[in-house]
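# Residue-level structural notes
Spelled out from the first residue to the last, the chains are:
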Amino acid sequence: MSFSTFRERWELFAGAVLSVAVGVALLQASMLVLAATGNPQIPPGLSRQEQDEIREGFVGAATVMGMTAFLAMFLAVFIVSSTFGFTVAQRRRDLALLRLTGGSRAQLRALLLSESLLLGVVGSVLGVPFGVVAQHVQTWLLIEIGLLPDGFTAPWRGWAAITAGVLGVGVALTGVFTASLRAARIRPLEALRETGKAARVMNTSRWLFGLSAAACTVAMVVWAQGTNLIGALMAALGISMCGAVAMSLLSPLVVPLTAWLLPSGLVRANLREGVRRSAATASPLIVLVSLLLGLSGTFGSLAAAGGEEAKRSVNAQLVVTSTGEEAERLPAVEGVAVASRQNAVDITITAEQPDEGPTRYYSGIVAVDPADYARTHHLPPSAGNLAALTGTTVFTGPARHGDGIIPGQVLAADAGGQPLQLTVVGGLPETLEAGDSFLLPRAALPRHVWSAAPTETVVQVVPGQNPADVADRIRRQGFGEIRTVPEWAAARARQTQDGNVEILTVLMGLAGLYALMAVVNAAVIAGAERRREFAVARVTGLTRRQVIGSAVAEAIAVALIGVVLGCVVAGAGLAGIGGAVRKAIGVTVVDVPWALLAIVVVGSVAVVATTTGITAAVTTRQRPVALVTAGE
Amino acid sequence: MQLHQVTRVHGSKNTGVAALDNVSLTCPPGTWTAVMGPSGSGKSTLLHCAAGLDQVTSGRVLLAGHDITAAPDNVLTAMRRRTIGFVFQTFNLISSLTAEQNVAFPAKLAGLRVSKRDVRAVLAVVGLADRATHRPKELSGGQQQRVAIARAMITRPAVLFADEPTGALDSASAKTVLALLRDMVRTAGQTILMVTHDPAVAASADTVIFLADGRVVDRLTGPTTHDVAERLAGLES
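Sequence order as written defines the numbering, with residues in each chain counted from 1. Think of it this way: whatever chain is written first is A, whatever ligand is written first is 1, and the rest follow in order. At least 70 in pLDDT is required for a residue's local features to be given in this predicted model, at least 80 for side-chain atom pairs to be given and counted, and no such filter applies to totals for whole chains, interfaces and linings, which use all residues.

## Focus on the overall build of chain B
- Helix and strand definitions follow DSSP, with helices as H or I runs of at least four residues and strands as E runs of at least two, each counted in order from the N terminus. Regarding its fold elements, chain B presents 8 helices and 10 strands.
- All radius of gyration figures rest on C-alpha atoms, and the globule criterion is 2.2 Å times the number of residues raised to 0.38. In terms of overall dimensions, chain B is globule-like: its C-alpha atoms have a radius of gyration of 18 Å, near the 18 Å expected for 237 residues.
- Counting only C-alpha atoms and orienting by the principal axes, one finds that chain B spans roughly 50 × 40 × 30 Å.
- Buried residues are those with 20 or more other C-beta atoms within 10 Å of their own C-beta, exposed residues have 12 or fewer, and partly exposed residues lie in between; C-beta atoms are placed from the backbone. Taking all 237 residues of chain B together, the buried fraction comes to 51%.
- Note that contacts rest on C-beta atoms placed from the backbone: two residues are in contact if these are within 7 Å. Across chain B, contacts joining residues at least 24 apart in sequence account for 67% of those joining residues at least 6 apart.

Below you can see the structure in the form of structure tokens.
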């Protein structure tokens, strides 16, 4: 029975197999890359700084891959269960027929479960070669964005394929389990009705899970308002996933409502009638849109908020970039009240932590004039006082806030060959941007260490002077890069966001394609099942073109509904992050990714419309009379 | 097969429409009863209630000696496997299975061993010996209906329910199908309850009962096509 059904309804089962296979592939690839990043391959002949950078890149790659694996798992569960649930719903009449000819409930469940076991196994096996491809793509992306060195390869590990495969089969079985319980309640009488009218779409479990997911989402939005930024980031991911689940479970309520917005006619009637079908197409779109826009909006908002915070933390008008030597001329320029020179010096600081052993820091070490620094920066220290930053002392910066380096501790430093013992006298609080690692008095360092160092000078203009005039005067002194504080802050935000976009590409690139594939899948399954309906419409007097046209119009409406619902979820995520940002820096900064939104709207509508159009064209190729009159 | 004062109300009990109103009916073993009546008279509901596919609102339904009025699903399933069979206007074959697989399917579900020879033999009885490996799509309407009858024959059910069994067939195929049904009653002593709106088809039954607005309004034994048509015309006028 199982085997012969496969042959008959290949669109249905090809879709199901593919959804398992791609999910397994993504999971396997992420696990393989993740496992390989645990053991960094450092090319020989590199300086300590370069080695350190590569090591950091590996840690970053591991984090991204961990998140990707998590996301792949979520998508696999979501997409496979929604696809399998749809395949069961589409075969209501067949299943009722089975009951009519004497099949028991247990047999029906056994049939569906063995079917999904078969699909799961086939999908998982196919997933292995797919996974190798996915792994190449992920590795390539990670190398492209610079997290992993050139020539990185993740070795093959059998356990990853087995784990992913077992999960794939498990997901297929659990995905079909609730659907099979529901299918077992199909009454044999339904086989006798002409169209096999689908059951109530909003059944109890749909209500229950939909409402609890919605409640969870709202709770997370509220919780995010009062949490720190890491919490908000987690909440944003949680809101995107949980909200997407809620929206797709509850979408059968919304789709018919939105149908009222359309002019009356076949399209509107079909939308209200084919609720199950519309919901199946809309679900993966909701997930895709909410994750893509939610995550990108979250990252974007954090970057923008970081820029905003940087702008507010500085009590100055201009930022000049130069070398340390050149910057020494800035205080003398007419109209400059304070010029806080901040040299990014190339020295090594070693912190001996009791339980971790020595940690070496190479970057983010900034030499300052403590008095100038204090006059141009608002950020109050979380410990100690900048005035104490004299002699051989050091302040921990925002980036090292959480590292447990406490005032009174003595850190060893190597400043261009000269050993120093730096006493920690205070620290700055954590900021949205990672920020600097250490601040130390320039006077403690030999001149050659800071004279050539890349230097940012924060310039406070004499009250009453026009900052633009002062900037002109500085430019005439031969300084190249002079920016106003807002420009400088925006550039920093942009730089952070560029990095975010790269990470998002790795995270959502393949996962997004997976969700898009699920959209195509649902559209094909939905279209293929409407062969008879299309034929009836044509016999009633519609041309083939009109039938295809109305199917496409309906699909576009469903796609738009999916996108809108996804946007609602993404909006909830942004509300959460907005609240957290407000708590952190006092103003609400929210970045709506308009460009991405436009791409997503156009892209998903195009994909759904094209797929539906092609499916409708293929299913209406036969002469309609042949289909309408054929008994079965 | 017996119905005792069966009422079936669609919708809520107080405001709903009674599709069957206090209907009592007995079909003794080895008889063929046809149910006739205008559209909406409750013919199909009667059949569904008698077969345990639909729950009655009040009254009792007995099938092959068992009271199935409130039988749980597993009892009804067991009955569908062994005691009752169905033949419908839309043939209700499983489209992915071949003719012989379709015939053997209910027996397989019941866990019974059916030899290929038995299946072929039944298909030969309905005149489809050479079509055993064809799928429903490759068969004509009459052939599909004969496969459905073969499916109902193989388990030798005590009661066969037929809903417009010839409704989608040409007259030659219809004759073949009716002859097959008559054979089942005569040789195997099976009981048939058949719903139809065609007087000629009803005339092949032993008894015809007429329904109107959910009530039994008339009954004919040993009917001719002419008698049936006349009574029906009387009902509809």
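## Some details on the overall build of chain A
- Helix and strand content of chain A: 19 helices and 12 strands.
- Taking all 632 residues of chain A together, 49% fall into the buried category.
- Expressed as a percentage of contacts within chain A between residues at least 6 apart in sequence, the contacts between residues at least 24 apart total 87%.

## Concerning the packing of helix α8 (residues 229–259) of chain A against helix α10 (residues 275–313) of chain A
All names here are of chain A.
- A fitted line through C-alpha atoms serves as each axis, taken over the contacting stretch for helices, and the angle formed by two N-to-C directions is quoted from 0 to 180°. In contact at an axis separation of 8 Å, α8 and α10 are set at 160° when each is read in the N-to-C sense. As judged from the angle between their axes, α8 and α10 are roughly antiparallel. Judged by the sense of rotation from one axis to the other, the crossing of α8 with α10 is right-handed.
- Taken together, the residues that form the contact of α8 with α10 break down as 18 nonpolar, 9 polar and no charged. Here is the rule for angles: anything less than 35 degrees is roughly parallel, anything more than 145 is roughly antiparallel, 65 through 115 is roughly perpendicular, and the remaining ranges are oblique. Helix crossings get a hand from a simple test, with the near helix turned counterclockwise from the far one by less than a right angle marking a left-handed crossing and a clockwise turn marking a right-handed one. In this count, Pro and Cys sit with the nonpolar residues alongside Ala, Val, Leu, Ile, Met, Phe, Trp and Tyr, while Asp, Glu, Lys and Arg are called charged and the others, Gly among them, polar.

## Quick look at the interface of chain B and chain A
- Across the boundary between the two partners, chain B contributes 26 residues, which contact 19 residues of chain A.
- Mapped by element, the contributors of at least two residues to the side of chain B that touches chain A are α2 (73–82), β6 (84–88), α3 (99–109) and α5 (141–154) of chain B.
- Top contributing element to the side of chain B that touches chain A by residue count: α2(B), with 5 residues.

## So, the domain arrangement of chain B
Residue and element names in this part refer to chain B.
- Here the bounds of each domain stem from an automatic or database domain assignment. The domains assigned to chain B are domain 1 (2–83 + 157–236) and domain 2 (92–156).
- Distance between the C-alpha centres of domain 1 and domain 2: 24 Å.
- Contact residues are listed per partner, giving 14 residues for domain 1 and 14 residues for domain 2.
- When residues of the side of domain 1 that touches domain 2 are traced back to their parent elements, those giving at least two are α2 and α6 (171–188).
- Per element, the largest residue contribution to the side of domain 1 that touches domain 2 is 6 residues, and it comes from α6.
- Looking at the side of domain 1 that touches domain 2, its residues break down into 9 nonpolar, 2 polar and 3 charged.

## With respect to the confidence of the model for chain B
- Note: pLDDT gives the predictor's confidence per residue, expressed from 0 to 100. On average, residues of chain B score 87 in pLDDT, and 97% of them reach the 70 mark or higher.
- ipTM for the predicted complex: 0.84, alongside a pTM of 0.80.

## Some remarks on unusual backbone geometry
Residue and element names in this part refer to chain B.
- A positive phi angle, near 55°, is found at N22, a position not held by glycine.
- Turning to its location among the elements, N22 is positioned in strand β2 (residues 17–26).
- Given 15 C-beta atoms within 10 Å, N22 falls into the partly exposed group.
- You will see that E164, though not glycine, has its phi angle at about 50°, which is positive.
- Take E164: it is sitting in the loop between β7 (159–163) and α6.

## Here we look at the domain arrangement of chain A
Residue and element names in this part refer to chain A.
- The domains assigned to chain A are domain 1 (1–199), domain 2 (207–312 + 496–632) and domain 3 (330–476).
- Computed from C-alpha atoms alone, the centre-to-centre distance between domain 2 and domain 3 is 48 Å.
- Counting residues at the interface gives 10 residues for domain 2 and 4 residues for domain 3.
- Here the side of domain 2 that touches domain 3 gets 6 residues from one element, more than from any other, and that element is α10.
- In terms of residue class, the side of domain 2 that touches domain 3 is built from 6 nonpolar, 2 polar and 2 charged.

## With respect to the pairing of strand β7 (residues 393–396) of chain A
Residue and element names in this part refer to chain A.
- Of the two faces of β7, the one holding T393 and F395 and the one holding V394 and T396 are both buried throughout.
- Any two strands with at least two DSSP-identified bridges between them are counted as paired. Looking at chain direction, β7 and strand β9 (residues 418–427) are connected through 4 bridges and run parallel. Looking at the pairing, T396 lines up with G427 of β9.
- The pairing of β7 with strand β10 (residues 438–441) spans 2 bridges and is antiparallel. When the bridges of β10 are listed, F395 appears paired with L439.

## So, the sheet that holds β7(B)
Residues and elements named next belong to chain B.
- Strands sit in the order β6-β7-β8-β3-β9-β10 across an open sheet of 6 strands; the sheet is mixed. The open sheet has two edge strands with one neighbour each: β6 and β10 (215–221). Direction aside, neighbouring strands of the sheet carry axes that sit 20° apart on average.
- Examined bridge by bridge, β7 and strand β8 (residues 191–195) share 5 bridges and lie parallel to one another. Paired with L160 across the two strands is I192, which belongs to β8.
- Sheet strands touched by α5: β6 and β7. Its angle to β6, the strand with the most contacts, is close to 175°.
- This element, α6, spans β3 (32–36), β7 and β8 of the sheet and lies at about 150° to β8.

## Details of the sheet that holds strand β1 (residues 2–10) of chain B
Residue and element names in this part refer to chain B.
- The 4 strands are arranged β2-β1-β4-β5 in an open sheet whose pairing can be described as antiparallel. Each edge of the open sheet is held by one strand with a lone partner, namely β2 and β5 (66–67).
- In this sheet, strand β4 (residues 58–63) lies alongside β1 in antiparallel orientation, the contact comprising 4 bridges. Each residue of the ladder has a partner; that of L3, found in β4, is V61.
- The sheet strands contacting helix α1 (residues 43–50) are β1, β2 and β4, and the helix crosses β2 at an angle near 60°.

## A few points about the packing of α3(B) against helix α4 (residues 116–125) of chain B
Residues and elements named next belong to chain B.
- Viewed as axis vectors pointing N to C, α3 and α4 meet at an angle of 110°, and their least axial separation amounts to 10 Å. It follows from the interaxial angle that α3 and α4 lie roughly perpendicular. The chirality of how α3 crosses α4 is right-handed. Along the contact surface, α3 presents A99, E100, V103 and A104, while α4 presents V119, R120, V122 and L123.
- Per-class residue counts for the contact of α3 with α4 are 6 nonpolar, no polar and 2 charged.

## Examining the confidence of the model for chain A
- For chain A, the average pLDDT comes to 86, and 96% of its residues sit at 70 or higher.
- Mean pLDDT across the elements of chain A bottoms out in helix α1 (residues 2–8) of chain A (61) and peaks in β10(A) (93).

## Re helix α9 (residues 266–273) of chain A
- Looking at α9(A), one finds that the buried residues are V267(A), N270(A) and L271(A). Considered in projection along α9(A), the buried side chains sweep an arc of 100° and stay on one side of the axis. Here the arc refers to the directions that run from the helix axis out to each C-beta atom.

## Focus on α6(B)
Residue and element names in this part refer to chain B.
- Helices are assigned an expected span. That span is 1.5 Å times one less than the residue count. Relative to the 26 Å expected for 18 residues at 1.5 Å per residue, α6 spans 25 Å between its end C-alpha atoms, a close match to the ideal helical length.
- For α6, every residue scored as buried is listed here: A174, V177, L178, L180, L181 and M184. The buried residues of α6 occupy one face: seen down the axis, they fall within an arc of 155°. Facing away from the buried side of α6, by more than 90 degrees, are the exposed residues S171, A172, A179, R186 and T187.
- Where α6 is buried, its residues meet β3, α5, β7, β8 and α7 (199–202).
- Downstream of α6 by a residue or two, G189 has a phi angle that is positive, lying close to 65°.

## Some points on the environment of R375(A)
All names here are of chain A.
- One can find R375 in helix α12 (residues 370–376).
- For R375, a count of 16 C-beta atoms within 10 Å puts it in the partly exposed group.
- Expressed as a C-alpha distance, the spacing of R375 and N315, which sit 60 residues apart in the sequence, is 7.4 Å.
- If we ignore the near neighbours within four places in the chain, the residues touching R375 are V338 and Q460.

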